[in-house]
Amino acid sequence: MVSLTAPVAKDGHRPARTSGPAGPAARRRTGRPGIGWALPAVVFFALFAVVPLVLVAVLSFTTWSGLGSPEFAGFDNWVTLFHDPVMIKSLWLSVLLTVLGVVVQTPLSILLGVWAAGPQRNRAVLSAVFFVPLLLSATAVSVLWRALLDPNFGVPSQAAWLFGDGNLLGSRTGAISVLVLVSAWQFTPLHALIYQGATRAIPAVLYQAAEIDGAGRVRQFFHITLPQLRNSIITSVILMVVGGLTTFDTVLILTQGGPGTDTTISAYYMYQKAFKGFEFGAGAAIALLLVLVATAVSLVVVRVSGYDRMAGTKEGM
Amino acid sequence: MRRRPNYLAGVGVTLWLFVVGLPLYVMLGAGVQSRPDYNAGGPLGFPDHFTLDNYVDSFSNGFGRYFVNTLIVTASVVAIVVLLVPPLAFTIVRNRGRTTSGVFRLFLLGLAIPAQAVIVPMFYVISEAGLYDNLIGVILPTAAFCMPVCVLILTGTMRDITNDLFEAMAIDGADTRRVFFQLVVPLSKSGLSTVVVFAALQAWNGFLFPLVLTQSEESKVITLGLYNFQTQHGVEIPGLLAAVVLSTVPVLLVYLFARRALVQGLMGVGGK
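Criteria and thresholds
Residues numbered from 1 in each chain as written. Chains lettered and ligands numbered in written order. Predicted model: local features only at pLDDT ≥ 70, side-chain atom pairs only at ≥ 80, totals over all residues. UniProt positions renumbered as here; feature names shortened; annotations may be inferred. Helix = DSSP H or I, 4+ residues; strand = E, 2+ residues; numbered from the N terminus. Buried ≥ 20, exposed ≤ 12 C-beta atoms within 10 Å, placed from the backbone. Contact = placed C-beta atoms within 7 Å. Axes fitted to C-alpha atoms, helices over the stretch in contact; angles between N-to-C directions. Parallel < 35°, antiparallel > 145°, perpendicular 65-115°, else oblique. Left-handed = near helix turned anticlockwise from the far one by under 90°. Nonpolar A, V, L, I, M, F, W, Y, C, P; charged D, E, K, R; others polar.

The name an unreviewed UniProt entry assigns to chain B is ABC transporter permease, from the organism Streptomyces camponoticapitis. Per UniProt, the comment on chain B under Sequence similarities (unreviewed entry) is "Belongs to the binding-protein-dependent transport system permease family." Here chain B is described in UniProt, under the heading Subcellular location (unreviewed entry), as follows: "Cell membrane".

An unreviewed UniProt entry lists chain A under the name ABC transporter, with Streptomyces camponoticapitis as the source organism. Quoted straight from UniProt, the Sequence similarities (unreviewed entry) entry for chain A says "Belongs to the binding-protein-dependent transport system permease family." For the record of chain A, the UniProt heading Subcellular location (unreviewed entry) holds the text "Cell membrane".

What follows is the structure, given as structure tokens:
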């Protein structure tokens, strides 16, 4: 009896996973994948992303030199870290660099994105050029700028009137400015791209109405474009915050945290502690702290902006 | 549209073109000059005596090997992502169970985890697995950290497939596998190409995992090669910049021929 009622696929494929007799209800269920389809990806992701993230928390309570097994150390790493002046300084530096990054990149990328959203052909061509820095790896960008700023063979040697002795990376202000500038050079195109897409999605009716009311270009920008970009600004700022707090390649290649520890931001300090000082437990503690800070800041941005309570940009229209 | 040309924007954009263009000009110009010529003419000097020696030297300095290693890493990461992510995205979109939405949330959470945060435990895991200084040890975490964005992109594409098509397939008596291969995969091509480009970019430009998980010359990737070249011969600027150009050529080629997929892949970085 069973063999007669069980659905048999005509083309010889495994019959669809149906429980009841073939009917409309059963038919709707065919072609729906079981959880098994997701399993390989989930296992892989768990092994190489979730497990390490859990381990970072575990390792932060151990001491481990890279050889042998980690040993439980309670809150030792955490106590040491919060008494470590370099650590405290590195946190402030991370915050400073992140804030400077947001302040420099946000206006630039909004202007570029809104500009690039225009239908003109020349804008499309120039945007394609502006995009190139984003194609280079952070490593390549850092190496390129290091060469550009070389005091003896780089641009500063050509323009002493502007750069003085040319050793831009030799002073605290200089090194921090360079890091902010290089990040802006590389990542402005990404954020401009976000704003370009969002600007194109603004309904043209709004601009037509504003034009009838006699609003000029500047007023249209401040009263229509900018408010409509609100969601994108939040997205972009969150990305900048997470990216800024975890900046690493540029610091490693451009300044090595120097002069002194003046650009030793937390992510770089973590690398130093773990892979140069072989204090992997302390490194893990810094890493965990970074994740917590980045997540907290993102949540604060979302909460303060009311992003989580908004249905969409069109709300209130 | 508006008729009056926007002069202010014109000035601003010209300035920005200068900011973006100057370093790129130096990069391309320095790479094709000999070191004495470069030192004499300065970074902004025009390359009078064109030479490809720097590029040839790069290859003899090991960049050929790094190039091949990076290709292996990139191809493997793309293969892993393309094999694992489409069935996962298909499940997330078509199986509306509670477990599935939990799985989706897990991957969304993954969006917020920066690779920097896990290098210490990753070093531990990969060393314990005996994969330290092995390209496989670089490939696995790189692929895993690509996945959240890829899942986001692909579920977006698959949600656009209308329910009518699924119902038509169901009426035809198609089983899950046929629905996947004959309906979902063909209709997700644009999302898939974005995913491929995104994963390839992440792998090609990846620096952090290779930095902490490899050591020897045999398993060096191109970004690491650049870093080492910089620390060892930082003053050989023409050679260094030729190597920088070399590391970027494949990405530039993709940019020229598959611009759309690349731009969307990069938007993936923005999680949009």
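**Student:** Outline the overall build of chain B, listing residues and values.
**Tutor:** A tally of helices and strands in chain B yields 13 helices and 0 strands. Each helix and strand of chain B, placed in order from N terminus to C terminus, yields the pattern α-α-α-α-α-α-α-α-α-α-α-α-α. Summarising its shape, the C-alpha atoms of chain B cover approximately 75 × 65 × 30 Å along the three principal directions. Counting only residues that meet the buried cut, chain B has 48% of its 272 residues in that class. Sequence separation of 24 or more characterises 77% of the internal contacts of chain B that already satisfy a separation of 6 or more.

**Student:** With reference to specific residues and values, describe the overall build of chain A.
**Tutor:** Looking only at helices and strands, chain A features 16 helices and 2 strands. Looking at chain A alone, contacts between residues at least 24 apart form 66% of all its contacts between residues at least 6 apart.

**Student:** Run through the UniProt feature "domain: ABC transmembrane type-1" (unreviewed entry) in chain B, naming residues and quoting values.
**Tutor:** UniProt records the feature "domain: ABC transmembrane type-1" (unreviewed entry) at residues 67–258 of chain B, using the numbering of this structure. In the segment residues 67–258 of chain B, helix accounts for 79% and strand for 0%; the C-alpha atoms at its two ends are 21 Å apart.

**Student:** So what's going on with the UniProt feature "transmembrane region" (unreviewed entry) in chain B? Residues and values would help.
**Tutor:** Residues and elements named next belong to chain B. If you check UniProt for "transmembrane region" (unreviewed entry), the listed places come out as residues 7–28, 66–90, 102–126, 138–158, 179–204 and 237–258 in our numbering. End C-alpha atoms of residues 138–158 are separated by 30 Å, and the span's content is 100% helix alongside 0% strand. Taken end to end, residues 179–204 comprises 96% helix and 0% strand; its first and last C-alpha atoms sit 33 Å apart.

**Student:** Talk me through helix H11 (residues 204–212) of chain A; I want residue IDs and the actual numbers.
**Tutor:** For H11 of chain A, a buried count of 0 out of 9 residues is recorded, marking the element as mostly open to its surroundings. Trailing H11 of chain A by a residue or two, Gly214 of chain A shows a phi angle of about 85°, which is positive.

**Student:** Lay out the packing of helix H6 (residues 135–159) of chain B against helix H9 (residues 189–205) of chain B in plain terms, naming residues and giving numbers.
**Tutor:** Packed helices, taken two at a time, are described by their axes: the angle between them and the distance between them. All names here are of chain B. The geometry of H6 relative to H9 is characterised by a closest axis approach of 9 Å and an angle of 160° between their N-to-C directions. Considered as vectors, H6 and H9 are oriented roughly antiparallel to each other. In this structure, H6 crosses over H9, and the sense of that crossing is right-handed. Along the contact surface, H6 presents Thr142, Cys146, Val149, Cys150, Ile153, Leu154, Gly156 and Thr157, while H9 presents Ser190, Gly191, Thr194, Val195, Phe198, Ala199, Gln202 and Ala203. Of the residues assigned to the contact of H6 with H9, the class counts are 9 nonpolar, 7 polar and no charged.

**Student:** Could you give an account of the environment of Ser34 of chain B, with specific residues and numbers?
**Tutor:** All names here are of chain B. On the secondary structure map, Ser34 appears in the loop between helix H1 (7–31) and helix H2 (35–41). A count of 16 C-beta atoms within 10 Å places Ser34 in the partly exposed class. Along the backbone, Ser34 and Ala117 are 83 residues apart, and their C-alpha atoms lie at a distance of 42 Å. If near-sequence neighbours (up to four positions away) are discounted, Ser34 is found in contact with His49, Thr51, Asp53 and Pro238.

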